[in-house]
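One-letter residues, chain by chain:
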Number of protein chains: 4
Amino acid sequence: MINVGIVGGTGYTGVELLRLLSRHGGARIKAVTSRKEAGMPVADMFPSLRGCVDVAFSSPDDSDLKQCDVVFFATPHGVAMAQARELLEAGVKVIDLAADFRLKDPEEFQKWYAMAHTCTDLLAEAVYGLPEVNREAIRKARLIGMAGCYPTSVQLGFKPLLDGGKKLIDTQTLIADCKSGVSGAGRKAEVGTLFAEAGDNFKAYGVKGHRHSPEMIQGLTAIHGAPVNLTFVPHLTPLIRGIHSTLYARILPEARDTDFQKLFEDCFANEPFVDVMPAGATPETRSVRGSNYARIAVHRPGNGDLLIILVVEDNLVKGASGQAVQVMNLMFGLPEQQGLDIVPLLP
Amino acid sequence: MINVGIVGGTGYTGVELLRLLSRHGGARIKAVTSRKEAGMPVADMFPSLRGCVDVAFSSPDDSDLKQCDVVFFATPHGVAMAQARELLEAGVKVIDLAADFRLKDPEEFQKWYAMAHTCTDLLAEAVYGLPEVNREAIRKARLIGMAGCYPTSVQLGFKPLLDGGKKLIDTQTLIADCKSGVSGAGRKAEVGTLFAEAGDNFKAYGVKGHRHSPEMIQGLTAIHGAPVNLTFVPHLTPLIRGIHSTLYARILPEARDTDFQKLFEDCFANEPFVDVMPAGATPETRSVRGSNYARIAVHRPGNGDLLIILVVEDNLVKGASGQAVQVMNLMFGLPEQQGLDIVPLLP
Amino acid sequence: MINVGIVGGTGYTGVELLRLLSRHGGARIKAVTSRKEAGMPVADMFPSLRGCVDVAFSSPDDSDLKQCDVVFFATPHGVAMAQARELLEAGVKVIDLAADFRLKDPEEFQKWYAMAHTCTDLLAEAVYGLPEVNREAIRKARLIGMAGCYPTSVQLGFKPLLDGGKKLIDTQTLIADCKSGVSGAGRKAEVGTLFAEAGDNFKAYGVKGHRHSPEMIQGLTAIHGAPVNLTFVPHLTPLIRGIHSTLYARILPEARDTDFQKLFEDCFANEPFVDVMPAGATPETRSVRGSNYARIAVHRPGNGDLLIILVVEDNLVKGASGQAVQVMNLMFGLPEQQGLDIVPLLP
Amino acid sequence: MINVGIVGGTGYTGVELLRLLSRHGGARIKAVTSRKEAGMPVADMFPSLRGCVDVAFSSPDDSDLKQCDVVFFATPHGVAMAQARELLEAGVKVIDLAADFRLKDPEEFQKWYAMAHTCTDLLAEAVYGLPEVNREAIRKARLIGMAGCYPTSVQLGFKPLLDGGKKLIDTQTLIADCKSGVSGAGRKAEVGTLFAEAGDNFKAYGVKGHRHSPEMIQGLTAIHGAPVNLTFVPHLTPLIRGIHSTLYARILPEARDTDFQKLFEDCFANEPFVDVMPAGATPETRSVRGSNYARIAVHRPGNGDLLIILVVEDNLVKGASGQAVQVMNLMFGLPEQQGLDIVPLLP
């Protein structure tokens, strides 16, 4: 049994880790920290866990995080950065669900997250937590910066077109028109995500520039092995969970004869959590609700030169905590699907 | 033209007053105060008002509220109490949408709102803002404590059974099982009313005791002219606007032959904003969305001894700002429906 | 491995059975019938099942339902009645999720379901599928009429107050004010349950009389061992899954000293799926989303004579398919929780 | 007073016409037809209209539509085509909210709507109902084919970049990524738009080809005066009303110095219903809920070569019935805003 610690268990990615890990079979929740709620049973805050999780929040100071085999950070940006070194030195593996170890360039980090990076050596070591791209590196890693929710969907959607330096699409004019459920904003008291504000409403945001944009460009560039450029427009949509990314790419003249459906199917043939849907399908977010699947469909209207890739995922599972458990499984040599064999909840 | 001031224009009752008054025809918005947002055009905060309302928030200190004919308080509890006297002495009428002037007993006020009442003489003078009960008193009043959202629906629903000391129902076992949309909680940053918390979710709250309970009992007792008792259970339901009150009353043996449908129809025959629906109907909240109507249906299953009264209203209109405009019309001798002749928005 | 057949797999209770049984471990889905969709993989209709369920719909005529150990009917009312005898005679156990075997009185059935009952002998034999009331009878049964969604919540909520002829409450004035998510209406094309009709809307329905009313009265009377009367008012609320029942009962004078919290806790102490919450709690529907739990809280405002019991369940799980799997487990001697050890999905 | 007839008053555009026309001041609803509901007061079907509209549905056969000054068709495609000639010959003006008179090419009509066009001479005469493009032609027209909901938003969003043959953007690679509320699908009993299907869910549809695509291309080409090409991807989003169109256009090298914000502001400076928002704004659908406004924002991230235009409208108002009333006002020489001076409903 892997001993697991969770730092910051009061947010949505925290409670989602608890949901998944409590039925994992190979992991035991040893500590869930919350400075503010220390002493309170987690099931008092999240009654959905009554009868399923009987651990209480502990103070970060008292918690024996160093006795754990792995610690997940389900915290605001900046927390993992401050605590990772001590844990790593104690032999504990670290999986950060926030952004501290995503952007490889500390200046980019500072630009987008408005804080200096305090452990650039660890940043250099950290592996980007996106198994479909980095599986082998993840297996050997001791420090993971998990892929963000939007970036997971966008990178999975473009990967078959880019990986290994393929010359199929114009890599400088990519567009990602993404729509996220409101839980993506986290469990923070804010006016903009109140039910009476976000309900029955739809809007774009962050059009000028969003933190996930550099992460996507860095990831796609790594996949492609050459610079990739992309415009990212996120939208807030009145659903609780779910991301739907609509991706646009121009086919290069020399690639007009490509069988894109086959390309996608081949690319993900062995992936346990990526489902390439049949030609013509339009995946819906609820088809992955509560599960670690991403579903992808590729369209080429009128057999023209524009490819449209549709990707859905549950932002809290494949876009966050589920993928983190998948990564944990890889790091500890467990079956990749362990604890993630969940049928999506529909309706 | 009536010159109107609004103290606290950044909440839902404030923006609703702006929506209604901007198309009133007989009123002019002279000042909308917000200490925090002074200088900002209200349409910057509420883009729905772009092109419709061109006033800016002013600081409460600079605002010429005393030059207004009437000032609405769309503020947290306690604010109107602190400012009403000065305005009244300057000849300005005051309509408080919060609770400062609802409960006649200062001790009850202190018990439920956790603050001492600071102007009990004004409290004694204040008229309760529920036109279907207090129309004549409202016409002559200079200070109004508007009825709360839940209390409006509950008092309208029980009125035909109680008014004038009628002996039709057991007045000691009344039940009000009420369901409110989330806007009833106001435009405050709170975790409990986030979209991802209140969406796709239903729960009761305040079962031990809710501030609107004493207000309902006071109001029903006044209507009846004798003590009335009631159990009130509010519920939070995932809709933006709307209250649905399901009321239960036991018919007294001597009243078994009453034609309750006719009783209700007669009671509200001349009311412009109360619609008694045909026998057998079940009103839905959206049928009053955005309008000042309340719709009521009365049921007596199996011709037994239990009456069920269904009442719907828009909590922000008939339950708050619309009713406040109705009250203003009465206070200034305008047609009661002026500015409120709005067709509900369906779907 | 139990061989399972499902008649009518295209509705919400059907897809929910597939979700649960595909991860049960002790059951194998052998046939899912749909006359209309015969030949289509179920995952084509419900993409949430892609990769999880690989069976196709078969025609009821071709299906080897008689080779199954148990057949679930997730069909409109009247279907199970027509097919049960042949299956039972072939040694197949039958679990009907519709109403064919709920009401013991064939005339009541005909009155509420507008069809004559065609196998009253089987009706007499059928066991009512509510494990917390009928566990031992269920273990021995070969034919089950599953409890309805509303009736499950109402019977669980009143049981501690009524069972064994207890004299605690006035059994003639019970009230059940119940609120259901829209999936309770099934996956049928109807205007009233369109998103643009049922969304952002709340209403009562069936106030004159609802099919679940006689079922509740029959069940409560059986629990109590003496006639019980109840008024049931169902409401449609804009959530997908979930029932919230708010129950009202008058405490008898001689029972005023009862510790109701303890009564409820004791009553369900050994129940795996009934969670009595701490005093003062208000359960929310999402706390059981996707799971087989019911959560109950009991309130007595002001220590008066009115008890308020709050019950939440997922109408498709504890209110339908989950409870049916629980019943199957009992009938086949499996651990009662097998396949139902699911953590609710929150948010 | 204009005498108005409405053919097909039982759908969402019909009830919306009733809402708007009942408060128009210059129009009188003389007939609302529904073969199926003849004799029923419209307020029985739509209780939101109780007290506001007291007309009853009449049979199309009995209705004196020919006595009207104008007849709106709020019907399925194909109905207006069959009845327009007779009305026009009787001197009645005709405004079709369906697609019968949108596509100028009868073969295109047949291809997308699966029926032959039966009055191509009228089609040639019909004016496309989009006032910001066709105002003068509308004033003189007797037959209007109203712009579709999606096409209205897309044409308004691209107009400043295309009109008069401007050379600002690559007109062959336009993308319209559009999101619509569920009411856009109409008030038809269909599984796909049930609350339990479309709620908490997001998906694309019609990616292979959507009827609004040729309409958009025809309209944009007319605005530009030269062929324009566009890819249109519609999405279904869980809101009741509202369309959000995210439009993408590549800036031509020679147009890099254009002040696009000013271009948009100038283009719509005199339009009563098009609101160009300040630079950096992101319009939200609820900011136009229930109103005839469209709000537009133009973005150019990083001052690069991709323009992003965001457009919101209420699909039932500016996207349908409100725009139809605007067109009626123009046809009859009334103030263009009459009856449309409605403040959006927020929250």
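Calculation criteria
- Residues numbered from 1 in each chain as written.
- Chains lettered and ligands numbered in written order.
- Predicted model: local features only at pLDDT ≥ 70, side-chain atom pairs only at ≥ 80, totals over all residues.
- Heavy atoms only, no water.
- UniProt positions renumbered as here; feature names shortened; annotations may be inferred.
- Helix = DSSP H or I, 4+ residues; strand = E, 2+ residues; numbered from the N terminus.
- Buried < 20%, exposed > 50% of the residue type's maximum accessible area, 1.4 Å probe, protein only.
- Contact = heavy atoms within 4.5 Å.
- Polar contact = N/O pair within 3.5 Å; in protein donor to acceptor, adjacent residues only side chain to side chain.
- Pairing = 2+ DSSP bridges.
- Axes fitted to C-alpha atoms, helices over the stretch in contact; angles between N-to-C directions.
- Domains from an automatic or database assignment.
- Buried area = accessible area lost by both parts, 1.4 Å probe.
- Salt bridge = Lys/Arg side-chain N within 4 Å of Asp/Glu carboxyl O.
- Nonpolar A, V, L, I, M, F, W, Y, C, P; charged D, E, K, R; others polar.

The name given to chain A in an unreviewed UniProt entry is N-acetyl-gamma-glutamyl-phosphate reductase, and the organism recorded there is Silvimonas amylolytica. Taken verbatim from the UniProt record of chain A, the Catalytic activity (unreviewed entry) comment is "N-acetyl-L-glutamate 5-semialdehyde + phosphate + NADP(+) = N-acetyl-L-glutamyl 5-phosphate + NADPH + H(+)". As stated in UniProt under Function (unreviewed entry), the record for chain A gives "Catalyzes the NADPH-dependent reduction of N-acetyl-5-glutamyl phosphate to yield N-acetyl-L-glutamate 5-semialdehyde."

### Some details on the environment of Lys166 of chain A
Residues and elements named next belong to chain A. For Lys166, the position within the fold is in the loop between helix 7 (149–162) and strand 8 (174–180). Given the relative accessible area of 27%, Lys166 is considered partly exposed. Once residues lying within four places of it in the same chain are set aside, the contact partners of Lys166 are Pro160, Leu161, His224 and Leu263. A distance of 2.8 Å separates a polar atom in the side chain of Lys166 from the backbone oxygen of Pro160.

### Quick word on the sheet that holds strand 1 (residues 2–7) of chain A
Residues and elements named next belong to chain A. Spatial ordering of the open sheet is given by 3-2-1-4-5-7-6, a layout of seven strands whose pairing is parallel. Since the sheet does not close on itself, it has two edges, and those belong to strand 3 (57–58) and strand 6 (127–129), each with one partner. Strand direction decides the pairing type here: strand 5 (residues 93–96) and strand 7 (residues 143–146), joined by three bridges, are parallel. Pairing of Ile95 across the sheet is with Ile144, part of strand 7. Along the sheet, helix 11 (residues 317–331) makes contact with strand 1, strand 2 (27–33), strand 4 (70–73), strand 5, strand 6 and strand 7, crossing strand 7 at roughly 155°.

### Concerning the pairing of strand 4 (residues 70–73) of chain B
Residues and elements named next belong to chain B. Burial along strand 4 is two-sided: the residues Val70 and Phe72 and Val71 and Phe73 are all buried. Here strand 1 (residues 2–7) pairs with strand 4 via four bridges, running parallel. Residue pairing in the sheet places Val7 in a bridge with Phe73 of strand 4. Of the pairings in the sheet, the one linking strand 4 to strand 5 (residues 93–96) comprises four bridges and is parallel in character. Bridge pairing in strand 5 places Val71 opposite Val94.

### A short note on the domain arrangement of chain A
All names here are of chain A. By the assigned domains, chain A splits into domain 1 (2–125) and domain 2 (150–315). Across the boundary between the two partners, domain 1 contributes 15 residues, which contact twelve residues of domain 2. For the domain 1 and domain 2 pair, buried surface summed over both sides reaches about 1,200 Å², with 53% attributable to carbon and sulfur atoms. When the buried area of domain 1 at its contact with domain 2 is split by residue, Tyr12, Arg102 and Trp112 rank highest and sum to 48% of it. There are two salt bridges connecting domain 1 and domain 2. One salt bridge in this structure joins Glu16 and Arg241, with 2.7 Å as the shortest N-O distance. The interface formed by domain 1 and domain 2 includes six residue pairs in polar contact (both at pLDDT 80 or more). Counting residues per element, the ones that place at least two in the side of domain 1 that touches domain 2 are helix 1 (12–21) and helix 4 (106–113). Here the side of domain 1 that touches domain 2 is built from residues that sort into six nonpolar, three polar and six charged.

### A short note on the interface of chain C and chain B
Taken together, the contacts link 39 residues of chain C with 39 residues of chain B. Both faces considered, chain C and chain B share a buried interface measuring about 3,400 Å² in area, 55% of it formed by carbon and sulfur atoms. It is Asp200, Phe202 and Val207 of chain C in chain C that bury the most area against chain B; as a group they hold 18% of the surface buried on that side. Inspection of the region where chain C meets chain B yields six salt bridges. Here Lys179 of chain B and Asp177 of chain C are joined by a salt bridge, their closest N and O atoms 3.1 Å apart. For the pair chain C and chain B, the interface holds 29 residue pairs in polar contact (both at pLDDT 80 or more).

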